[in-house]
Number of protein chains: 2
Amino acid sequence: MKSKLVYSFGGGKSEADIGMKNLFGGKGASLADMAGQGLPVPPGFLIAVRAHQLFCENREKLPTDVNREIERGLARLEKLTGRKLGDPKNPLLVSVRPSACFAMPGTINTVLNLGLNDKSVEGLATVSGSARFAYSCYCRFISLFANVVLGVPIEPFLQILEEKKRDVGASDESGLGDGDLVDICRKYKALVKERHGKELPQVPAVQLAMARDAMFRSWDIESARSYRKLRKIPEETGTGVIVQAMVFGNAGKDSAAGVWFTRNPSTGAKEFCGEYRVDSQGTDMVAGLRTPSPIRNMKKEFPKAYDQLARISGRLEKRYKTVLSFEFTIEKNALYMLRVRQGERSAAAAFRMVVDMVKEKILTREEALLGVSARQVEQLLHPVVDPEAKVDVIAAGLPASPGAATGVIVFSADKAMERAMSGKDVILVRREISPEDIRVMEIVSGILTEKGGMTSHTAVIARQMGKTCVTGCEAIDVDEATGRFIAGTRVLHEGDEITLNGASGEVIFGKVPLTVPKMTGAFGVILSWGDSVRRLKVRANVDTPRDARVARDFGAEGIGLCRTQHMFFSEDRLSIMRELILAATKEERDAALARLLPMQRDDFKKLYREMKGHPVKIRLLDPPLNEFLPKRADLLVEIAKLEFSRADRTLIDEKRMVLARVEELQEINPMLGMRGCRLGICFPEITVMQVKAIFEAACEAARERIAVRPEIMVPLVSLVSEMRAQKDIIRQVADETMKRYKRKIAYSVGAMIEVPRAIITAGDIAREAEFFSFGTNDLTQTTFGFSRDDAGKFIQNYLSRSELCQRCGGKLEKNLSCASCEAKYLRKAENILESDVFHTLDVEGVGEFIRLAAEKGRSVRPNLKLGVCGEHGGEPRSVEFFDRVGLDYVSCSPYSVPVARLAAAQSALRRRMEGKKRKK
Amino acid sequence: MKSKLVYSFGGGKSEADIGMKNLFGGKGASLADMAGQGLPVPPGFLIAVRAHQLFCENREKLPTDVNREIERGLARLEKLTGRKLGDPKNPLLVSVRPSACFAMPGTINTVLNLGLNDKSVEGLATVSGSARFAYSCYCRFISLFANVVLGVPIEPFLQILEEKKRDVGASDESGLGDGDLVDICRKYKALVKERHGKELPQVPAVQLAMARDAMFRSWDIESARSYRKLRKIPEETGTGVIVQAMVFGNAGKDSAAGVWFTRNPSTGAKEFCGEYRVDSQGTDMVAGLRTPSPIRNMKKEFPKAYDQLARISGRLEKRYKTVLSFEFTIEKNALYMLRVRQGERSAAAAFRMVVDMVKEKILTREEALLGVSARQVEQLLHPVVDPEAKVDVIAAGLPASPGAATGVIVFSADKAMERAMSGKDVILVRREISPEDIRVMEIVSGILTEKGGMTSHTAVIARQMGKTCVTGCEAIDVDEATGRFIAGTRVLHEGDEITLNGASGEVIFGKVPLTVPKMTGAFGVILSWGDSVRRLKVRANVDTPRDARVARDFGAEGIGLCRTQHMFFSEDRLSIMRELILAATKEERDAALARLLPMQRDDFKKLYREMKGHPVKIRLLDPPLNEFLPKRADLLVEIAKLEFSRADRTLIDEKRMVLARVEELQEINPMLGMRGCRLGICFPEITVMQVKAIFEAACEAARERIAVRPEIMVPLVSLVSEMRAQKDIIRQVADETMKRYKRKIAYSVGAMIEVPRAIITAGDIAREAEFFSFGTNDLTQTTFGFSRDDAGKFIQNYLSRSELCQRCGGKLEKNLSCASCEAKYLRKAENILESDVFHTLDVEGVGEFIRLAAEKGRSVRPNLKLGVCGEHGGEPRSVEFFDRVGLDYVSCSPYSVPVARLAAAQSALRRRMEGKKRKK
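Residues numbered from 1 in each chain as written. Chains lettered and ligands numbered in written order. Predicted model: local features only at pLDDT ≥ 70, side-chain atom pairs only at ≥ 80, totals over all residues. Heavy atoms only, no water.

### Topic: the overall build of chain A
Okay, so step 1: The secondary structure content of chain A amounts to 34 helices and 34 strands.
Okay, so step 2: In terms of overall dimensions, chain A has a C-alpha envelope of 105 × 70 × 55 Å along the principal axes.
Okay, so step 3: For chain A, the residues scored as buried account for 60% of the 920 residues in total.
Okay, so step 4: Sequence-distant contacts, at least 24 apart, represent 68% of the contacts inside chain A between residues at least 6 apart.
Okay, so step 5: Carbon and sulfur atoms make up 51% of the accessible area of chain A, which totals about 37200 Å².
Okay, so step 6: Distance between charge centroids for chain A: 6 Å, based on 141 positive and 120 negative side chains. (Helix = DSSP H or I, 4+ residues; strand = E, 2+ residues; numbered from the N terminus. Buried < 20%, exposed > 50% of the residue type's maximum accessible area, 1.4 Å probe, protein only. Contact = heavy atoms within 4.5 Å. Areas by Shrake-Rupley, 256 points an atom, 1.4 Å probe, with all protein chains shown as cover. Lys, Arg positive; Asp, Glu negative; His and termini not counted. Charge placed at Lys NZ, Arg CZ, Asp CG, Glu CD.)

Here it is, written out as structure tokens:
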């Protein structure tokens, strides 16, 4: 049996409902659904997506039987409205719109007032009693049909209109007379003839068939294709079509068109919002052509429609279980609903709305939890650039740490200190960050770097401190020596003011007002509901007692990563650390270690105190050591200058000695060099010192009756023999220290899994490791062979290729041709990546590795604890993956803890729902 | 039923044979086997390895029934010899030796002359008619027993002997009188009492039991444990013990001891070799105490024994199917065989021997193929340091490219050119190699660098050119500016002579004679036999027509990797390449590409010509671009100097411009940066140029009726979308070029698999790629997170930790204690790696990845071609793995092609044998 492809609605009845989205697309299904609910929807019919598929399969022709079904649908519509399409006396006018299952936002390809021709326009004039109205409708029809169906650009039509307005001295369309509009129609038609080569079709059935086919074809335009590719929308779905009787918000002062929100989209308050315009058609509204009135004015101006909309709001919120926005039209005081969809809303609003809707029993708690976006949570924790402010963007880099900051620029740590002391808000601008800079990160408002990626050290630390940061801003050229940076044609000097938007990566000239989104109680309510359903624990990456407190305040359930090398960045320790690294003999090394031991012990004790018995996972020293050293190039230049100025020989020799050691330690690829446990294996005395510090602190804390749960993590394990060697030392030193203090501390020893070899040999490693912590930053680097510090250049290209020429990589012209290479290659490039893999976990590659390692590890040690401590631990989509793959916890920067908590809860709920579905 | 643990042999019979190696160890089994063959072996008995296990399980005591079995074995021996152990009149003397399944070479722990005591020594004096002989035997017994069984150091015994010789003015032992020897015995016994605390045991049965237990315990000493760990010999096997009647080569002028080779170990010629010494015991021989006579002298001196050994040679070679070495003793003109084992031999000798043995019908061709070492093949292709030469080693680095070279040192490419022009052999010494240096690599004899690993670019190119190279020689300190390098206390200047040993990594002071091992016809014969059995194809990594010819001469079956960027290292092209990289606009880039196109086309045409229809796999440009650029530090110093000397502003500005671009391109981890297909995707015009060159060359070659089979390889693929994007361009440009030439060229497009993400998504990539070529160098880097350029430091430590303190990483003292850290931690560290993973494939990690990718790829595309083009393609153990995992070919440097051919043949044979075994 052939399936039905045309469904009618109107007159309080409907053949379709909201459950049939897949057949017609959301727009059509919701329209029919409202009609079926008895709401005032102009009658019409829907052509199913399947018809589009038949159209494509049949060489862009609809099969006869489908055409006949459409004819029958039209006949029903004519019967319902009592008018006929193209009737020269009292014509039925219709709108024709596409309705895809997955619509591309921002494309308007609606044809309005279809059914008008040179004759029926006169009939409309008579029936409506206004030639002006009829010709205005005709004008609109011609231009829309020409543009959407015939592919004539819209600009010349606008030009004709503008010229006429200028000729008659009218400031807007209302200043044009009947004759003017008739004249415009004539000119419009001439333009169609000229551009299209044929007359505007006058037979309404032909108009309808052509418009319908144009809707089908719109699915195939390049931008729609790219959009679908980007969003992974399957090509084979297609689009349905809505044919609906016109209503006219522009039928006089008793008519209007508007947009209605069932709640306040910025605050979430339960109050109707939106705006409308008297004597206007909906499309004007959307295009934002004239200033509208706020919705509250409707109470006076259209009290009946207002009450009706208020009732509909309550009814549909219950039915659709979300906040809604309507498009509506009032024609001669009668209300018509033209569209309903979920209302947009700010992060703060979203939280308030769903909590209210639970109170109103519209939503269950579970529905409320799933009704907010975890991604939006961060917005609630940081100040942002006032969305109302005018901004002058001079460059854009990577949005490395959210929030916004404004201040005067400086180019060195010393200057930052100096300016900050004098009470200024300071933004540190650097080519790249060096260890000296890290000590001033606490006192600056924001950081801007020319080099580095989203997960460069700078970015990681900035996020952790909740500090605004833009990295990899290759569009600027920083010259630290002369204290200035160049952005395009602008040169900015030390002391100039800029604003950073950490959420977008934008660098804004001058000082811009910032706003701190209000934190409503709803946020906390949702998080606590979430905590009761989530399985995945959330810990924080914390290096200092200060961060530990922030993390606990945000609900962290322990420390998932304490990077001990960050404890050495402060000024007094940096010099000891340098001694350690530059040590040429074991004696020198031991001396430096002896000085570091009490400092580490103190740090750990403070962390234990803050964490009050929650687990504290400490990673053994894992630096690319060169981060702690003076730069080779700087030394070379210094020596060259000293030699030239015939400086003291001993001074030069001293510098030469340092240079020699720096050169010895110099690495071509520090990321793959002497790092992680390689350091602890080559210099076991460093591990000995750190383990001593961990356990001396633990024993001392235990004396103070503080519960302690240290977990010791061996970084960058690639061989089980590395893990074994380090574990042996850890066990030895731990036993010995506990004996010395006569205390027993429960602790565990595990591996940080961050290179692919650890994945493929995870079974072996699990024999030695009591836990795995996946370091997804490094694992992403080694899995792809992408350096997070260098990948900025090509990842930007990878993410934005869909606008480039496939052949030469150049920007394409608007007509999709490439000016800079052979004309025959017009194919656009495809995006190589959909999202930055250093931000959102690469599920197919890195994710698959994590799944594999979890499986291998647990097959050997069933109670193996699994966690993540990379940057992805605070990214909602990634958190969902980690939950599904069965990890025990994620660890992220303190400011991301709430994000992760919510994302984990949502994932748990989705899994539960899927489980129920499967049972059915 | 309990198993028999003691087996007797002697008197022309034996209870054991060569097939029982696992029961007794090789030494014991071969001894019993010879006895069973009726050869003159002094009688004795073997104690099985199982007894050792029982000994360990039973708290270092042998169970009574085993003891009783041994007693019975002794009784049989006494019966056979007609003497009794400890008989004061005519004592039976025995030797006691360990015989492990896997023996550690270089450890001598034999006890000789056991059964002597203060009484039986007198009996022996009487029976032998020589008190001197008897006391000499007793002396030897006491010192050996004290050392091997009681653990007394050997030095004080030697001291006593030396003192006595000095006292009586004797130059050697033969100058000592009877009385002197009696006196030495007395002193020896006193020493035992003093050091051991007890008297030397006098009861022979006690001596025997103690010696036997000492053999068992020797299995457990630290060095043996480390050795087994290193060689992966299971701890639980243990050692057997041999108890055998003594024979005396030191019984007078009609007695002797010697070593006999059945063929010449250096040349492989079928002639008896070896040496012997009259009136001497075997152990003196092995320890090399006195100069022996060549074996040919035996013909005159001991004609009967000589003939007997000649006959035994033929018989045992047939039985054991290999060349052999014997230890023998002649006691009063009677020959005794004391040991047989496979004879050591040089690479050249090995090949000659097995080919001869096939002619002699001792071996089948298959046995011959398996009887040579693929690893030794490279020795046959390069000159080596004369093994006879005295060398003064001043430093050692990594053996990066085999062979040896001698010449004067220079520190720059220009100087190398200058000196080479004047006819000198030149050795280029550099901190690290820069692209300018590569152009002179052809003209230098050897390369020595302070930095870089075994698979650094320098090393790869050197191996490919067959040029001697030592890299990562961190023991030297190169100062290029002053033209000298420091090695320990030595300072060498430009023009000084050194010799490099590329096989060992040694740097030798001065000029040392080199020898070119003679290439015998046997080598070619073996290879051709191998070619007929191997499945795995062997290709070569080749970048120039010259290399291509070498590769074909060595039997390469195509090019597996042509690194197009190496085509740009020559001086004229380097500058164009720099233009390309420094290009700021597309126009500049296009101009540079247009100049490179004809050069590339020409290169490719030459390669096609050389390869005569064999496949030529061309990798698209894959440079870390910074390799082509001037170094940032150099520029900085230059600018600093220019500024200081107030040089011309425009000159400084020009340098600054270059610096700015270099800084822009600068990468923190170039290995993980803008490389591989990332370049071709961001700048598709480079791919377009290269593909044009490949197909223009192919079409032009086809016109000359040369068969061409280009295979185009997309490097560093991590995402299938990368592969798709590059393949699209390749197909477009290929089609277009072939159309232009009106030719059809069969070609394929595939992916180089060298990052772990390509492994885990190999199924997806195989949908787009027609072949996979595993780049094991980069895959090893990313799998481990090891930079091959930087890993030298810790990999050296990883490979040699078994001599280090586990606690502090310091060198251990001889007594295994650590001077530099707390004394209680004496445990030795375990080696983290067994071999350099950049040399021998890491089978558990990287190998497992290759297996996984092959499986995933072929499940999607069953005819997917699989190859390897990393450095491991020429390493025998790795080649065997590649064969077993089912790859189609390996590709290696031209000089390694014969190695790979042989290794592939051996692997095929071993697989065939395993298959047969399984069938049984």
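After that view of the structure, there is still more to cover.
### Regarding the side chain of S120 of chain B
Okay, so step 1: Within the secondary structure, S120 of chain B is located in helix α5 (residues 120-128).
Okay, so step 2: Those residues within four positions of S120 of chain B in sequence are excluded, and the remaining contacts are G86, D87, P88, P91 and G115 of chain B.

### Focus: helix α22 (residues 586-611) of chain A
Residue and element names in this part refer to chain A.
Okay, so step 1: Counted at 1.5 Å a residue, the expected span for α22 with its 26 residues is 38 Å, and the 36 Å between its end C-alpha atoms agrees.
Okay, so step 2: When the local axis directions of α22 are compared, the greatest deviation, roughly 30°, occurs at L596, which is followed within four positions by the proline P598.
Okay, so step 3: Looking one or two places after α22, you find K612, whose phi comes out positive at around 40°. (Expected span 1.5 Å × (residues − 1). Bend = angle between axes of the 7 residues up to and from the residue.)

### Thoughts on the relation of the copies chain B and chain A
Okay, so step 1: With an RMSD of 0.2 Å, chain B superimposes on chain A once it is rotated by 180° and translated 0.0 Å along the axis. The relationship between the two copies is best expressed as a two-fold rotation axis. (Least-squares fit on C-alpha atoms with pLDDT ≥ 70 in both.)

### Brief notes about the pairing of strand β21 (residues 476-479) of chain B
Okay, so step 1: By the alternation rule, side chains of β21 of chain B split into I476 and V478 of chain B, which are all buried, and D477 and D479 of chain B, of which none is buried.
Okay, so step 2: Between the end of β21 of chain B and the start of strand β22 (residues 484-487) of chain B, which pair antiparallel, lie 4 residues, with G483 of chain B showing a positive phi angle near 65°. (Pairing = 2+ DSSP bridges.)

### Focus: the interface of chain B and chain A
Okay, so step 1: Listed per partner, the contact involves 80 residues of chain B and 79 residues of chain A.
Okay, so step 2: With both sides pooled, the region where chain B packs onto chain A buries about 7300 Å², and carbon together with sulfur makes up 56% of that total.
Okay, so step 3: Along the contact surface separating chain B from chain A lie 4 salt bridges.
Okay, so step 4: For D842 of chain A, the salt bridge is made with R757 of chain B, and the minimal N-O distance between the two is 2.7 Å.
Okay, so step 5: Scanning the region where chain B abuts chain A turns up 22 residue pairs in polar contact (both at pLDDT 80 or more).
Okay, so step 6: Counting residues per element, the side of chain B that touches chain A draws most heavily on helix α27 (residues 720-741) of chain B, at 9 residues.
Okay, so step 7: In the side of chain B that touches chain A, the residues fall into 33 nonpolar, 18 polar and 29 charged. (Buried area = accessible area lost by both parts, 1.4 Å probe. Salt bridge = Lys/Arg side-chain N within 4 Å of Asp/Glu carboxyl O. Polar contact = N/O pair within 3.5 Å; in protein donor to acceptor, adjacent residues only side chain to side chain. Nonpolar A, V, L, I, M, F, W, Y, C, P; charged D, E, K, R; others polar.)

Keep in mind these numbers describe shape, not what the thing actually does.
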